[in-house]
Amino acid sequence: MAISKFKNEPYTDWSKPANRTKQEAAIKKLQAELGKEYPNIIGGEKVYSDRKLNSLNPSNPDVVVGTFQQATSADALRAMDAAWKAFGTWKNVPAAKRAQVLFKAAAIMRKERFHLNAVEMLEEGKTWPEADADVAEAIDFCEFYGREMLRYAAVKLPTQLKGEKDEMVYIPLGVGIVVPPWNFPLAILVGMTVAAVVTGNTVILKPSSDSPFIGYTFIEILKRAGLPPGVVNFVAGPGAEVGDTLVRHPKARFIAFTGSKEVGIRINEEAAKVQPGQIWLKRVIAEMGGKDSMIIDHETNLDEAVAAVAVAAFGFQGQKCSACSRAIVDEKVYDKFVELLKKRVETMSVGPAHEMSSYMGPVINKRSMDKILEYVGTALREGGRLVTGGRPARPAEKGFFIQPTVIADVDPKGTIAQEEIFGPVLAVIKARNFDHALEIANNTEFGLTGGIFSKNKKKLERAKKEFFCGNLYLNRKCTGAMVGAHPFGGFNMSGTDSKAGGHDYLLLFLQAKSIATKLK
């Protein structure tokens, strides 16, 4: 069967009353079903534990979205055995058949999109457009990686030596540990999982404790798409027990991780230690933090720049590794930029994520909320100027709501200019000129995304060469990477530059085998 050319999944048009009605109905239906208990899935079997984990709605933490199992180290070992058993068969399944599972999963997600959106609204606090974009990206990963596997399976022959038939084939690695984040709870979870699966590996999926429900929902989708038992094993539980057991296991072949710098460093360190009985060096695919800057040159359209910075800084409450957390502004337009930005940000509504009128929803949990507000206090003590926000929003309610916050006159080496906050806080930094702006942009330990607004072509060309980040955007926001068009991954402490959603990504889950046959 001919496979069509990859195209990104379109976003839902919320201006159409029919789409709004369907989404509202999906939210109401899910709200009526919340609070159920869900098992871990190991080798296709439902596994329950004595210890439980409640997934809460951050817009109202009194609401239990679902109750999940806290797996033990014994469960983790059982999952490893199940994954290795399944690998013996799955690695030999033809690439075309493996790809079909991804295409079927994409079709199911497309059909059940409003339900998946609702799950993200109620479990992660994603607003309507943010939830919808995340589900669209998950569909894109299935469609893109399925096609990519077909491309790798049909790879051309290498240079042919006289008297030989020379081949190179790509084979899977083994069992992988997939550790996704809560902030792109479906897209990144799906991307890392299906990349491993379509290349012939098997997976132990350890979801974030803040987003197990959407992960479990995808496990059910894979089952309906025809994935055999044991190929993906769902093991929710504490990182200190389950995660460490799996990362250190001598039969773990690779770890695909997205999350904080601190956890990524620890995973990389533990994976590098060769355990007794281990016969390979483990491969680590890590996407970590960011401290992303957008440079605003004086030669630009300030209205467009302000709009882009505001969206990049406060979309999903700034809880993106790609979010603009630093606006570096030329001193010639600094005051005007801050004035326009203040007006823009103060129009942003904050409220329950499932309400369409909310531009921003809650942050993920109370621990995060407290940490973000602590950063605001630190910034002000260090001399920053509060332009707007800086306090909890909707204080009479129980949700984890924070006002979108802008702090100006931030020292380029100040705490909020250097540390990842992961919340709706934007530092505005004054630059003397374009040279100084580039210097500031490159002064952190990270290197994930970046942006620049300028009408000066020479400056844009300089930025292409000198702005050190994995994903650079010119005259647009620095968030919203699209599968296929913007392969995603950063430099330095932002990770291993894996370039998810790109043509090289599946190679991270494969190993190449060269075969030379003497001809008679």
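See the structure printed just above.
A quick note: this is a predicted structure, and the numbers were derived from the prediction, not measured. (Residues numbered from 1 in each chain as written. Predicted model: local features only at pLDDT ≥ 70, side-chain atom pairs only at ≥ 80, totals over all residues. Heavy atoms only, no water.)

A.B. asks: Mind laying out the overall build of the protein, listing which residues take part and the relevant values?
C.D. replies: Of the regular secondary structure elements, the protein holds 15 helices and 21 strands. Computed over C-alpha atoms, the radius of gyration of the protein comes to 23 Å, within 12% of the 24 Å expected from 2.2 N^0.38 for 520 residues, which places it in the range of a compact globule. In terms of principal-axis extent, the alpha carbons of the protein reach across some 75 × 60 × 50 Å. Buried positions account for 58% of the 520 residues belonging to the protein. Of the roughly 21,600 Å² of accessible surface on the protein, 54% is carried by carbon and sulfur atoms. (Helix = DSSP H or I, 4+ residues; strand = E, 2+ residues; numbered from the N terminus. Rg over C-alpha atoms; globule rule 2.2 N^0.38 Å. Buried < 20%, exposed > 50% of the residue type's maximum accessible area, 1.4 Å probe, protein only. Areas by Shrake-Rupley, 256 points an atom, 1.4 Å probe, with all protein chains shown as cover.)

A.B. asks: Which residues make up the nonpolar core, and what are the values?
C.D. replies: If you look at the biggest cluster of nonpolar residues, it comprises 76 residues, and the most contacted ones within it are Met-109, Tyr-145, Leu-186, Val-190, Phe-218, Val-232 and Tyr-505. For this core, the leading source of residues is helix H5 (residues 128–153), giving 11 residues. Those residues in contact with Leu-186, other than ones at most four positions away along the chain, are Met-109, Leu-116, Glu-120, Asp-134, Val-135, Ala-138, Ile-214 and Phe-218. Counting 34 residues, the second-largest nonpolar core is a separate cluster that includes Leu-302, Ala-305, Ala-313 and Cys-478. (Core = buried A, V, L, I, M, F, W, Y, C linked by side-chain atoms within 4.5 Å. Contact = heavy atoms within 4.5 Å.)

A.B. asks: Quick one: what's the story with the sheet that holds strand S5 (residues 60–69), residue by residue and with numbers?
C.D. replies: Spatially, S1-S5-S4 is the arrangement adopted by the 3 strands of the open sheet, whose pairing is mixed. Of all the strands in the sheet, just strand S1 (36–37) and strand S4 (52–57) have a single pairing partner and so form its edges. Where S1 meets S5, 2 bridges bridge the pair, whose relative direction is parallel. Bridge pairing in S5 links Lys-36 to Gly-66. Each of S4 and S5 touches helix H4 (residues 113–124); the most contacted strand, S4, lies at about 100 degrees to it. (Pairing = 2+ DSSP bridges. Axes fitted to C-alpha atoms, helices over the stretch in contact; angles between N-to-C directions.)

A.B. asks: Break down helix H15 (residues 457–466) for me, with residues and values.
C.D. replies: All buried positions along H15 are accounted for by Lys-459, Leu-460 and Ala-463. An end-on view of H15 places all buried positions within 100 degrees of arc, on one side of the element. Relative to its buried face, H15 has exposed residues pointing more than 90 degrees away, namely Lys-457, Lys-458 and Lys-465. Close packing links the buried residues of H15 with helix H14 (434–441), strand S18 (449–453) and strand S19 (471–474). Where H15 begins, the capping side chain belongs to Asn-456, and its oxygen is found 2.9 Å from the backbone nitrogen of Lys-458. (Arc of directions from axis to C-beta. Polar contact = N/O pair within 3.5 Å; in protein donor to acceptor, adjacent residues only side chain to side chain.)

A.B. asks: How would you summarise the layout of surface pockets if you had to cite specific residues and measurements?
C.D. replies: Empty space among the atoms becomes visible once a probe the size of a water molecule is rolled across them. As a volume, the largest pocket reaches approximately 1,200 Å³. Surrounding the largest pocket, 42 residues form its lining, Trp-182, Gly-259, Ser-260, Val-263 and Arg-367 being those nearest its centre. For the lining of the largest pocket, the secondary structure elements donating two or more residues are helix H8 (239–248), strand S10 (252–258), helix H9 (261–272) and helix H12 (366–381). Tallying contributions element by element places H9 first for the lining of the largest pocket, with 6 residues. The residue makeup of the lining of the largest pocket, split by class, is 18 nonpolar, 12 polar and 12 charged. The space that makes up the second largest pocket amounts to roughly 860 Å³. If you trace the second largest pocket, you find 44 residues lining it, with Glu-137, Phe-184, Lys-320, Gly-480 and Ala-481 closest to the centre. (1 Å grid on protein atoms, 1.4 Å probe; cavity = no way out; pocket = protein on both sides within 12 Å on 5 of 7 lines; lining within 4 Å. Points joined across faces, edges and corners; volume = space filled by probe spheres on them. Nonpolar A, V, L, I, M, F, W, Y, C, P; charged D, E, K, R; others polar.)

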